Structure formats: C-alpha cells, structure tokens
Amino acid sequence: MTVQKNQLKTFPKGGVHPAENKLSAGSPIKILPLPDRVIIPVVQHLGAPAEPVVQKGDTVVAGQLLAKSKGFVSANIHSSVSGKIFRIEARFDASGYKRLSFVINRHEDEWDPAIDRSDTLHEKITVSREEIIRKIQEAGIVGMGGATFPTHIKLNVPKGKKADILIINGVECEPFLTADHRLMLEKSKELMVGIHLLMKALEVDKAVIGIEQNKPDAIALLNGLAEKSPGITVQALKVKYPQGGEKQLIKAITGREVPSGALPVDVGAVVHNVGTTLAAYEAVQKNKPLMERIVTVTGKSLQDPSNFLVRIGTPVAEVIEAAGGLPDDTGKVVLGGPMMGKAVSKLDIPVTKGTSGILIIPDSEAHRMPVQPCIRCAKCVSVCPMGLEPYLLMLLGQHQLWDKARQERALDCIECGSCSFVCPADRPLLDYIRLDKMRIGALIRKEKKAVS
Amino acid sequence: MNKLLTVSLSPHVHGKDSTSRLMTGVVIALLPAWAVSVYFFGWAALYLPVLSVVFCMIFEFLIQKYMLKKASSLKDGSAVVTGLLLAFTLPSNLPIWILAIGALIAIGVGKMSFGGLGTNPFNPALVGRVFLFISFPVQLTSWPVPKGFHTSLTDAVTGATPLGMLKEGMRSGEQVSTLLKNVPDHMQMFLGYMGGSMGEVAAAALLLGFLYLLWKKIITWHIPVTILTTVFLFSGLLWLINPANNADPVFHLLTGGVMLGSIFMATDYVTSPMTPKGMIIYAIGIGLLTVIIRRWGAYPEGVQFAILIMNAFVPLINMYVKPKRFGEVKKNG
Ligand code: SF4
Ligand code: SF4
C-alpha cells in the first residue's frame, strides 16, 4: 500500500521544521560491547525512587531485581549485568544531581534463567489482562520516548474512564534520533505483538501507529504487518516538530483535543512509545525486565553515527567510544534530541531507561547567541503548538508576575522549545517559561497547604 | 576526555532567523519599488533614501552612545529599514535638511525615546513623516512629475498627486467623475507613472516586494490583504452609492501610500498585533480609517494617520485577543 500525501495528518497549530539530520538512519542496531562496570540509579523514572533490595558485596545476575518500586508512581530497577555490587552510593546522573546508584562490577554475562534469551517470536498471547499489567509493572517499564512515566499506571485506566484507542508513538520528531526508526524496522514483528498486548491490557480494539512521513520504509513495513492484524492501522504524519508530543499526536490522529490540565485518557486515548511497546513484549512474552535499550549516538563530527543496543547503566563515554570516540571539536553533549534533550557536563554518567540518544554538538554550534530585544515579530506565538504567547510568558517571568503567568496558562507549556528555536532575537523564552512553571507549582502547593 | 562541556537548557538548536536577517529581507523587498522610483524620479530618488538611511544610523548611534549610554544596536538593521521607509514616504525634491530633521524625529522621538527597538508604540518612520508633514506642509506636498533620469532637482516640474487633485476638486465643488479624467489611468498608476512620494507610486513593484516577504516568511498575509480588502470594499461601497462623488475602489488601492503602508508600515513587527485575529482587527481599522480620512478628512491621504491611530490600539488588542489555546475545549468536546 502506498501512502499518499493527502492522507498525511498533523496537528493544527504551530510547530517548526528543524533540520532533520537523521545521520544514523541507515545504520542497523549493533550490540554495544559489555561495559566492565555499570552505574544503575534507583530513580530512572518520573516518580519516587525505588528501594534497594540488595546490598553492597552481593552477587547479582542480569535481570535480577535491585530496587523495588516504592509508592504509587515508581518503577522497579533491575541489574543489567551479572557481577558484584561494588558500591551503593550517590552518583551523578543526567539530571546534574547525585542519585543513589548501584555500582556493579561486571563478571561474565549470566542472566536470570527465567528470561527467554532466544530470538523466537512468541506471537500467541496466553496471559490475562491483569497478568500483562503485572508483568509490565514487575519489569520496571517506563515511557522510553524520554518522559519515563511508569507504563503500568497508564495501562490501569482509572474507574469511570474508558480508553477506546491506543496510539503507538513512532513519530520520532526530534532531529538526529533514529533509535525508534531502527526499532520499527528491525523489531517490527515483536512490536506488533507488543501492540496486541497493550490493546488487551487497555481493553481497546483499535490501535494506530503514528509515524512521520520521513520514515517511508517503516511505514511500508508496518503497514504490511498491520493489514494482517485486525484493529491495527498505520497513520503517516507530516514531518513537523513536535508531532510526537502526546497531545499533538492525539490531536493529529483522532482530532480530539486533550483539555488543559486533563489526561489523554480523558479523551479516550492512551499513547505509548514504540520502545515501550517492544519492552512490553519482552517483559510479557520473554520474561525480560527493562535492562537494555536502543540508543542513537550521533553528531555532525562523530565518526560513526550509530544505533546501539545498550545495557542500562553503561557510561555514556563508552557508547561514544564505540561510535569512534569523542570528536576534538566537541562543545556539548546532549542526552536525548536537540530540541528537548539535556546537556550534560560529564561523560561518566550512565545510560538510563529514558536515554533515547547521545548527541554530540561541535563547539561552533554549542553556544547560544547574545540575547537581543524582542522585536515583537509574533513568530514565537505562531509556532507554539499549545497556543500560548511565549514572549508574554517570558516578560511575566522577568517581572515575577507568577499569578498573571498562571492565568496566561504557562502550565500548559509542553517545553517543546519551538519558541526559543524560532526567536530571531535569540531570546531564552523557554528558560523563563520553565521558571514560570516552577514558581506557579510552588504557589499551587502553598494554596493546597492552606486549604488542608 | 577532560573536555569542558557547555551545559545549557534545551533547545540546543536554533532556527536560521535573526533580527538582522529579517531586516535585510525587508530591505530586499523594498528594492523593486526603489528601482521604479529612480526610473521615474531620477537621481534624487537614488541618493535621498541612501542619505535618509545614513542620517538614521548616525542619529541612532549618537543617541545610544551619548544619551542612553547603551551598546549600539546598529547591527540589527532596523535603522536601515526606518531610513528607507521614511524616504519612501517623501517627495524626491525634498531639501536634504528637511530629510535630516525627519530622520532625527523618526529615530529620536519615534524609537529611542521609548527605549529603542521593540518598545516603541508607533512606527518610527511614520512618526518622522507625519512630523514633517505637519511642520513643512509646502515642501511635503510639492510632487515632482515622473520624468526619469534627466530630471534634476531644480528644474523638476511639480504637480499634484492624484489624491491631491481629488481633494482639491472636491473642495471647489467639482464632480469627482470629471476630475478623474485628468489623472493617470489605472494601468499607469499600477506601474507608478504618477506624482507622489518616492516609494509609494509603483503598486506593481510593491506587490512584488510583498510576494518576496511572504515567500521568505518574513510577514504573513493577514495585515496587507485585510487592509487592501477593506479599502477596496469600503471605497467600493461609497462609489456604488454615489459614483459621481466618489473615486472608484481601484483608484483608492493604487494611489497614495496604501500599498506601501499596508505592506511595509502596518506590518512593522513592533507596532502591530501578535495574533492573526488581532492583526485582522487592526488591519480592518486601518482600512476604514484610511478611506474615512480620504473622503471626509482634511488631508488627501489618510493611510499614515490610520496606521498611527491603530498602532495606539495594539496594546489593547494584544490584551484582549488571545490565540486559541490548545485544550480550551469542553471535555470530550
Ligand atoms: S519570537 Fe522572539 S522577537 Fe519575536 S515576538 Fe517572540 S520573543 Fe519577541
Ligand atoms: S511556550 Fe512551551 S509549548 Fe509553546 S512553543 Fe514554547 S516550549 Fe513549546
């Protein structure tokens, strides 16, 4: 089936077109040589840190539980290698903060025997809906597109609400990143089983895989498989950032608009990333916890932009080494994509569950330009996919008018960065909007306290 | 491996737009109109705009350096645009000293007194132009008749603009329809063959500039198209009601500063609204006021006043006209 242009869907307002730079799109997933030491933080997800269940000096195998989820929003943490726990101590992670982490010295590569390491495809789904969710929860799966929200929570639709459509996010609208693209090409059959599992867990009979038009091979391949899978379709999407933003994707595919402050499930939709879906397949059909992921390592000066299957906890430096090493002109290293990723100051920090890419930016492009006065060109307003006025939110932030910023709906900002990207005066709009959001958050907490 | 890495918040890439790039785009878009002007009005139309730009830049530099004691912002190119636009609204036989005063007012009062680029409520070029118009009405309304390169400043024949003839005639009680027989026909006006300000005469060249601005995404269609449509419809309505006493709508579109004003002045980023809806409200206001001033006001041309008046409403428009927020819908709506 060919995909015609007029079938392309997209979100209606705003968006930008950063240079795609998908340098590693043609590079098949390679297995990264095993690291000698891994650093596994107890929090790699949105929510409460997990609680350690092993001790310093313990010997562990790959796939063994290291820390148990604690509280409602949290996720289990497993060992990604076999070896000895050398230390349990606070270590820097991508956030720039120190987090309690397991430092494990690897020895050989022994896996938990319960894990099915074979390549055999298990298509038949024999487990119940509850069992699927339980297994996904046990496996410590979180949103692998970068949001790292625990997956099992999104699968437990709250009482009184009903999901009717599952959306699989294969958009990968961030420039440079190709991990999801490669995954769709190389793990397509597993992905389809994963989708069926999630559909069963959510009790929906409809799933749509959203993919940007710049990945025609993935669209064609999954289309072919979807034709044989009742209920699953592929939707080609226009190349426009942030097409993969949850709310934008739901709007593009279903036409439904998630109300401000509400959840996707309030409009009957649940979105999962393709990486998450594959992890769900492996957890349910192969008993494999989330202990490795696909990471794009890329950059204009990098010798070998690649996609690697990386064990969680591998130091970022080793992944870069495998792609030809850190180029001499490196100015910045970003975990994630250039629009929403996080710049890091050290390379001994670990790859975690949410690390979709490692982007190396040459020094010549690593610095911001001097800030100039706002010329009120309205470009930030016209690109904002949430219909906000970034110039105004920044102004309110500068004048510390948090109440006003709240009225102007600063909290709706999805931090996509389109406004800062487009501003001809190089104004750090999103920096100030983040500040707005932080201060408004503090205000809200104070209000809640006053009430209770 | 002990490199010092830059750490900053996302996004880590930036689009290719910059203030100076956008301003350069505006200058390029003005070139066709400038060329036509030189063709019709001769050398004066070449060097007066250049002088205007130089004056604007010098005043901006001096004011920033000695009065505001701020770093110079000449590089952003906005003074160049102001200088060109100011000159474009003036006749080509204007004495240079008057031009210099106009540049001083445009930059000093129109822009710097409010804090410089981005903070001025009124279009600086128009502030300069209107000041000159009020202070030097004679010099500002003696228009050389288009001739070409062989015109020198001194022996240029001056005559009235089509709009001026219209106003004069109406005052003396003549019928508009008779008057219009004496003005250039529509095609001549479209190409710019008429008396008028340097950059205003050639609608065709200005429209070419408009296409360029749209192509380069420097401006959107909302303001110019809405102004032109409003002027056309409103003047057309008056004409239909009483063709003997009103000029036809095409005449209104092709004469005076409507083209230059709607494409290049009303769209000035700083002094126009931030949302498409706001832009349309603002542009309808400009269109209506333009025709009202032309028809019933004291001056033959109204577009400059119309823009300045609507400039004053922009803060209000921005306060009340908000973009459509995502998620501003009823649940499951
Ligand atoms: S894009 Fe930049 S210069 Fe333009 S209005 Fe927004 S903040 Fe101002
Ligand atoms: S305000 Fe927020 S949502 Fe809007 S463009 Fe900027 S970062 Fe994106």
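The model shown is predicted, which means the values in this text are computed figures rather than measured ones. (Residues numbered from 1 in each chain as written. Chains lettered and ligands numbered in written order. Predicted model: local features only at pLDDT ≥ 70, side-chain atom pairs only at ≥ 80, totals over all residues. Heavy atoms only, no water.)

1. Let's talk about the overall build of chain A
In step 1: For chain A, the count of helices and strands is 13 helices and 17 strands.
In step 2: For 452 residues, the compact-globule estimate of 2.2 N^0.38 gives 22 Å, and chain A sits close to it at 22 Å.
In step 3: Reported as C-alpha extents along the three principal axes, the dimensions of chain A are approximately 60 × 55 × 50 Å.
In step 4: Going through the 452 residues of chain A one by one, you find that 59% of them count as buried.
In step 5: Surface accessibility of chain A: about 18200 Å² in total, with carbon and sulfur atoms responsible for 53%. (Helix = DSSP H or I, 4+ residues; strand = E, 2+ residues; numbered from the N terminus. Rg over C-alpha atoms; globule rule 2.2 N^0.38 Å. Buried < 20%, exposed > 50% of the residue type's maximum accessible area, 1.4 Å probe, protein only. Areas by Shrake-Rupley, 256 points an atom, 1.4 Å probe, with all protein chains shown as cover.)

2. Some thoughts on the pattern of salt bridges
In step 1: Enumeration over the complete set of coordinates arrives at 37 salt bridges over all chains.
In step 2: In this structure, the salt-bridge partner of Arg134 of chain A is Glu131 of chain A, at a minimum N-O distance of 2.7 Å. Of this pair, Arg134 of chain A and Glu131 of chain A both sit in helix α1 (residues 129-138), three residues apart, which is roughly one turn of that helix.
In step 3: Given a relative accessible area of 35%, Arg134 of chain A falls into the partly exposed group.
In step 4: Owing to a relative accessible area of 25%, Glu131 of chain A belongs among the partly exposed residues under this scheme.
In step 5: Taking the shortest distance from any N to any O, the salt bridge between Arg294 of chain B and Glu301 of chain B comes out at 2.7 Å. (Salt bridge = Lys/Arg side-chain N within 4 Å of Asp/Glu carboxyl O.)

3. Describing the side chain of Ser80 of chain A
All names here are of chain A.
In step 1: Turning to its location among the elements, Ser80 is positioned in the loop between β6 (77-78) and β7 (83-92).
In step 2: Polar contacts involving the side chain of Ser80 include one to the main-chain carbonyl oxygen of Ile312, which spans 2.6 Å.
In step 3: Leave out the neighbours within four places in its chain, and Ser80 touches Val38, Ile40, Ala62, Met291, Arg311 and Ile312. (Polar contact = N/O pair within 3.5 Å; in protein donor to acceptor, adjacent residues only side chain to side chain. Contact = heavy atoms within 4.5 Å.)

4. Topic: the domain arrangement of chain A
All names here are of chain A.
In step 1: Here chain A is described as being made up of domain 1 (29-115 + 289-365), domain 2 (130-286) and domain 3 (379-451).
In step 2: The distance between the C-alpha centroids of domain 1 and domain 2 comes to 23 Å.
In step 3: Across the contact, 33 residues belong to domain 1 and 27 residues belong to domain 2.
In step 4: Buried area between domain 1 and domain 2, both sides added, is near 2400 Å², and the carbon and sulfur share of it is 65%.
In step 5: The tally of links from domain 1 across to domain 2 stands at zero salt bridges.
In step 6: Residue assignment for the side of domain 1 that touches domain 2 shows that the elements contributing at least two residues are β13 (292-298) and β17 (357-362). (Domains from an automatic or database assignment. Buried area = accessible area lost by both parts, 1.4 Å probe.)

5. Details of the domain arrangement of chain B
Residues and elements named next belong to chain B.
In step 1: Domain parsing of chain B yields domain 1 (19-139) and domain 2 (163-320).
In step 2: When each unit is reduced to the centre of its C-alpha atoms, the spacing between domain 1 and domain 2 is 21 Å.
In step 3: Contacts between the two partners involve 36 residues from domain 1, matched on the other side by 32 residues from domain 2.
In step 4: With both chains or domains summed, domain 1 and domain 2 bury close to 2800 Å², and 78% of this area falls on carbon and sulfur atoms.
In step 5: The interface formed by domain 1 and domain 2 contains zero salt bridges.
In step 6: Summed over the shared surface of domain 1 and domain 2, the result is six residue pairs in polar contact (both at pLDDT 80 or more).
In step 7: With 12 residues, the top contributor of residues to the side of domain 1 that touches domain 2 is helix α1 (residues 19-41).
In step 8: Split by residue class, the side of domain 1 that touches domain 2 holds 27 nonpolar, eight polar and one charged. (Nonpolar A, V, L, I, M, F, W, Y, C, P; charged D, E, K, R; others polar.)

6. A few points about the site of ligand 1
In step 1: Taken together, 13 residues lie around ligand 1, and Cys374, Cys377, Ala378, Cys380 and Cys423 of chain A are the ones closest in.
In step 2: Around ligand 1, the neighbouring residues derive from chains A and B rather than from a single chain.
In step 3: In terms of residue class, the shell around ligand 1 is built from 11 nonpolar, no polar and two charged. (Near = heavy atom within 4 Å.)

7. Some words on empty space enclosed by the protein
The probe, sized like a water molecule, is rolled over the atoms to show the empty space still left.
Residues and elements named next belong to chain B.
In step 1: Evaluation of the coordinates by the stated rule reveals six cavities of 30 Å³ or more.
In step 2: In this structure, the largest cavity encloses a volume near 290 Å³.
In step 3: Together, 21 residues line the largest cavity, and Met23, Val81, Leu85, Asp268 and Tyr269 are the ones closest to its centre.
In step 4: If you list the elements that add at least two residues to the lining of the largest cavity, you get α1, α3 (78-88), α5 (124-135) and α13 (258-265).
In step 5: For the lining of the largest cavity, the leading source of residues is α3, giving four residues. (1 Å grid on protein atoms, 1.4 Å probe; cavity = no way out; pocket = protein on both sides within 12 Å on 5 of 7 lines; lining within 4 Å. Points joined across faces, edges and corners; volume = space filled by probe spheres on them.)

8. Thoughts on the site of ligand 2
Residues and elements named next belong to chain A.
In step 1: Taken together, 13 residues are adjacent to ligand 2, and Cys384, Cys413, Cys416, Gly417 and Cys419 come closest.
In step 2: Every element with two or more residues in the shell around ligand 2 is listed here: α12 (418-422) and α13 (429-451).
In step 3: Here the residues of the shell around ligand 2 are counted per class, giving 10 nonpolar, two polar and one charged.

9. Digging into a nonpolar patch on the surface
Residue and element names in this part refer to chain B.
In step 1: Side chains of Val50, Val54, Ile58, Phe61, Leu62, Tyr66, Met67 and Leu68 sit close together on the surface and give an oily, nonpolar patch of about 720 Å² of accessible area.
In step 2: Its place among the elements puts Met67 in helix α2 (residues 44-67).
In step 3: The exposure class of Met67 is exposed, given its relative accessible area of 66%. (Patch = residues over 30% accessible without salt bridge, like charges linked within 9 Å, V, L, I, M, F, W, Y side chains within 5 Å.)

10. Structural notes on the sheet that holds strand β5 (residues 65-68) of chain A
All names here are of chain A.
In step 1: The three strands lie next to each other as β3-β5-β6, forming an open sheet whose pairing is antiparallel. Every other strand in the sheet has two partners, leaving β3 (51-52) and β6 as the edge strands with one partner each.
In step 2: Sheet analysis places β5 next to β6, joined by two bridges and oriented antiparallel. By the bridge assignment for β6, Ala67 is matched with Ile77. (Pairing = 2+ DSSP bridges.)

11. So, helix α3 (residues 179-186) of chain A
In step 1: With respect to burial, α3 of chain A is a largely interior element, seven of its eight residues being buried.
In step 2: The complete set of buried residues in α3 of chain A reads Ala179, Asp180, His181, Arg182, Leu183, Met184 and Leu185 of chain A.

12. Quick look at the packing of aromatic side chains
In step 1: A full pass over the atoms with the stated rule returns six aromatic pairs over all chains.
In step 2: Residues Tyr39 of chain B and Phe40 of chain B carry aromatic rings whose centres are separated by 5.2 Å and whose planes lie at 65° to one another, so their mutual orientation is edge-to-face.
In step 3: For Tyr39 of chain B, a relative accessible area of 55% translates into the label exposed.
In step 4: Seen from the ring of Phe11 of chain A, Lys240 of chain A lies directly overhead, with NZ or CZ sitting 4.3 Å from the centre.
In step 5: Here the guanidinium or amino end of Lys216 of chain B rests over the ring plane of Trp215 of chain B, the centre of that ring lying 4.4 Å away. (Phe/Tyr/Trp six-rings, centres within 6.5 Å; stacked < 30°, edge-to-face > 60°. Lys NZ or Arg CZ within 6 Å of the ring centre and 35° of its normal.)

13. Some words on the interface of chain B and chain A
One frequent convention defines the size of an interface as the accessible area lost when the parts assemble.
In step 1: Taken together, the 37 residues of chain B in the interface contact 65 residues of chain A.
In step 2: Note on chain B versus chain A: buried area summed over both sides is about 4400 Å², and carbon and sulfur give 57% of it.
In step 3: On the chain B side of the interface with chain A, the three residues burying the most area are His12, Met274 and Phe326 of chain B, jointly 20% of the side's total.
In step 4: In this structure, the connection of chain B to chain A is made through seven salt bridges.
In step 5: Arg409 of chain A is the partner of Glu328 of chain B in a salt bridge, and the nearest nitrogen-oxygen pair spans 3.0 Å.

14. Some details on the nonpolar core
All names here are of chain B.
In step 1: Core analysis: the largest hydrophobic core is formed by 95 residues, its most contacted members being Phe264 and Tyr282.
In step 2: If you tally residues by element for this core, the top one is α1, at 11 residues.
In step 3: Formed jointly, this core draws a minimum of three residues from each of two domains, domain 1 (19-139) and domain 2 (163-320).
In step 4: When near neighbours in sequence (up to four residues on either side) are disregarded, Phe264 contacts Val26, Ala29, Leu30, Leu85, Leu206, Gly209, Leu213 and Met259. (Core = buried A, V, L, I, M, F, W, Y, C linked by side-chain atoms within 4.5 Å.)

15. A look at the sheet that holds β7 of chain A
Within a sheet, adjacent strands bond to each other through the backbone by hydrogen bonds, running parallel or antiparallel.
In step 1: Strands sit in the order β2-β8-β7-β4 (chain A) across an open sheet of four strands; the sheet is antiparallel. The open sheet has two free edges, formed respectively by β2 (37-41) and β4 (59-60) of chain A, since each of these has just one partner strand.

16. Topic: the pairing of β17 of chain A
Residues and elements named next belong to chain A.
In step 1: Most of β17 sits inside the fold, with six of its six residues counted as buried.
In step 2: Neither face of β17 is left uncovered, since the one carrying Gly357, Leu359 and Ile361 and the one carrying Ile358, Ile360 and Pro362 both have all their residues buried.
In step 3: As judged from the five bridges shared by strand β15 (residues 330-335) and β17, these two strands associate in the antiparallel manner. Across the sheet, the residue bridging to Leu335 is Ile358, located in β17.

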